[in-house]
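Chains, contacts and geometry: an overview
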Amino acid sequence: GSLHLSGLRAPANLATSNGSIHADDMEGTLIARTSDGSITVSGRFDNLELSTSNGSIRCEARTGSRVNSGWNLHTSDGSIDLGVPGDLTADIEAWTSDGRVAVNMPMMVDGSQSRTRVRGKLNGGGGLLKLHTSSGSITVNKI
């Protein structure tokens, strides 16, 4: 089934086999996995791992969020929409097999960039922010 949570202030590890995950006003480390469903989260994050086999990922990382030991957002079949504060520091790697990648904020490109793959540094770089989907688009916006 689906999970709906709000206001957790400690490390959280959420999992469901067949359902969506909605977690609002989170703080700290969040790990959320589902086999069949979308993931929608918001909060101030230190570490973030979001994974679904079949569904979209929507994440709003609020002011004060940090990419400490890395963030990993992955879906096999769905889009990824990530909103981050304008001062977030991260090395970003985003790629899709079937879709587009758009980073709609200033970024120093590292190597080549294409319609389906982007690699670079946000605000001078930092921890690794990995975004991957096999079938869908990836969008990163400043909030």
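Preceding this section is the structure that the text describes.
Keep in mind it's a predicted model, so treat the numbers as computed, not measured.

Calculation criteria
- Residues numbered from 1 in each chain as written.
- Predicted model: local features only at pLDDT ≥ 70, side-chain atom pairs only at ≥ 80, totals over all residues.
- Heavy atoms only, no water.
- Salt bridge = Lys/Arg side-chain N within 4 Å of Asp/Glu carboxyl O.
- Helix = DSSP H or I, 4+ residues; strand = E, 2+ residues; numbered from the N terminus.
- Buried < 20%, exposed > 50% of the residue type's maximum accessible area, 1.4 Å probe, protein only.
- Core = buried A, V, L, I, M, F, W, Y, C linked by side-chain atoms within 4.5 Å.
- Contact = heavy atoms within 4.5 Å.
- Pairing = 2+ DSSP bridges.

Quick look at the pattern of salt bridges
As enumerated under the stated definition, the model contains 11 salt bridges in all. With its nearest N and O atoms 3.7 Å apart, the salt bridge here joins Asp 25 to Arg 62. With a gap of 37 residues between them, Asp 25 in strand E3 (residues 21-34) and Arg 62 in the loop between strand E5 (57-61) and strand E6 (71-75) connect regions that are remote in the sequence. Since its relative accessible area comes to 32%, Arg 62 is described here as partly exposed. Put simply, Arg 44 and Asp 46 hold a salt bridge, and the shortest N to O gap is 2.5 Å. Grouping residues by exposure puts Arg 44 and Asp 46 together as buried. Members of the salt-bridge network, linked through shared partners, are Arg 9, Asp 25, Glu 27, Arg 44, Asp 46, Glu 60, Arg 62 and Arg 66.

So, unusual backbone geometry
With a phi angle near 55°, Asp 25 is a residue other than glycine that sits in the positive phi range. Since its relative accessible area comes to 32%, Asp 25 is described here as partly exposed. A positive phi is found at Asn 123, a non-glycine position, where the angle reads about 50°.

A word on the nonpolar core
With 34 residues, the main nonpolar core has Leu 30, Phe 45, Leu 50, Trp 71, Leu 73 and Leu 131 as its most contacted residues. If near-sequence neighbours (up to four positions away) are discounted, Trp 71 is found in contact with Phe 45, Asp 46, Asn 47, Leu 48, Ala 61, Ser 65, Arg 66, Leu 88, Leu 128, Leu 129 and Lys 130.

What about the pairing of strand E9 (residues 101-104)?
Here E9 shows a clear split, with Val 101 and Val 103 buried on one side and none of Ala 102 and Asn 104 buried on the other. In this sheet, strand E13 (residues 138-142) lies alongside E9 in parallel orientation, the contact comprising 4 bridges. Bridging across to E13, Ala 102 finds its partner in Thr 139.

As for the pairing of E5
The two faces of E5 differ: Ile 57, Cys 59 and Ala 61 on one face are buried, but Arg 58 and Glu 60 on the other face are not. Sheet topology places strand E4 (residues 39-52) next to E5; 5 bridges connect them, and they run parallel. By the bridge assignment for E5, Val 41 is matched with Cys 59. Here E5 runs beside strand E7 (residues 80-84); their pairing, made up of 4 bridges, is parallel.

Here we look at the environment of Gly 37
Inspection of the secondary structure assignment puts Gly 37 in the loop between E3 and E4. Gly 37 sits 36 residues away from Gly 1 along the chain, and the two C-alpha atoms are 9.4 Å apart.

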